Amino acid sequence: RNSFYYHSADLPMTGMIGDTDDRERGLLPYVVIVAANKGDPEAMQLVIQNYESYITYRSLRKMCDEHGNYYYGVDEEIRDCLRAVLIKAVLAFNL
C-alpha cells in the first residue's frame, strides 16, 4: 500500500488527529494535503470542508432587501471565488 494512499473514511472530518495539543487542532493530515496537491478530488473536498466556515465568514456582506432593511448574508459569488482561490493555491503549493 502506497504511503500516500488513503480513503476518506479512514480520516476524521473534524476534530483532532491522533495525539495533538491545542495548537494543532483542525490541521489537515499531511497525506490529505499531498493528495489534494496531486489533484485528488476527495482530498480537495476535505481541504475545502476544513476551510468552509472561514470562507463563509469572509463572504458575509451587508445586504438590503426590497423593503430597505439591512441584513448580513453570504455573497455566493465571493464564496465561489474564495473556494477557487483555495483550490488554485493547494494545486500550486510546492511540497
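One can find the structure itself at the top, above this paragraph.
The text that follows walks through the structure, step by step, so that each part is easy to find. (Residues numbered from 1 in each chain as written. Predicted model: local features only at pLDDT ≥ 70, side-chain atom pairs only at ≥ 80, totals over all residues. Heavy atoms only, no water.)

When you go through the protein residue by residue, the secondary structure sums to three helices and two strands. When its helices and strands are written in sequence order, the protein yields α-α-β-β-α. Within the protein, the proportion of its 95 residues that are buried is 21%. Expressed as a percentage of contacts within the protein between residues at least 6 apart in sequence, the contacts between residues at least 24 apart total 46%. When the accessible surface of the protein is totalled, it reaches about 7200 Å², and 54% of it is carbon and sulfur. (Helix = DSSP H or I, 4+ residues; strand = E, 2+ residues; numbered from the N terminus. Buried < 20%, exposed > 50% of the residue type's maximum accessible area, 1.4 Å probe, protein only. Contact = heavy atoms within 4.5 Å. Areas by Shrake-Rupley, 256 points an atom, 1.4 Å probe, with all protein chains shown as cover.)

Before going further, it helps to spend a moment on helix 2 (residues 41–58). In a regular helix each residue adds 1.5 Å, so 18 residues correspond to 26 Å; helix 2 covers 24 Å between its end C-alpha atoms and thus fits that length. At Glu52, helix 2 shows its strongest bend, of approximately 50°. Each element contacted by the buried residues of helix 2 is listed here: helix 1 (30–37) and helix 3 (76–92). A side-chain oxygen of the first residue of helix 2 lies 2.8 Å from the backbone nitrogen of Glu42; this N-cap is Asp40. (Expected span 1.5 Å × (residues − 1). Bend = angle between axes of the 7 residues up to and from the residue. Polar contact = N/O pair within 3.5 Å; in protein donor to acceptor, adjacent residues only side chain to side chain.)

Turning to its location among the elements, Arg58 is positioned in helix 2. Arg58 sits in the partly exposed class, given a relative accessible area of 43%. Each C-alpha atom of the pair Arg58 and Val74 lies 8.7 Å from the other, and the pair is 16 residues apart in sequence. Not counting chain neighbours up to four residues away, the residues in contact with Arg58 comprise Ile78 and Leu82.

With that out of the way, let us pick up the nonpolar core. Residues Leu28, Val32, Ala35, Ala36, Ala43, Met44, Leu46, Val47, Ile48, Ile55, Leu86 and Val90 constitute the largest nonpolar core, which totals twelve residues. Considering each element in turn, this core owes the most residues, six residues, to helix 2. (Core = buried A, V, L, I, M, F, W, Y, C linked by side-chain atoms within 4.5 Å.)

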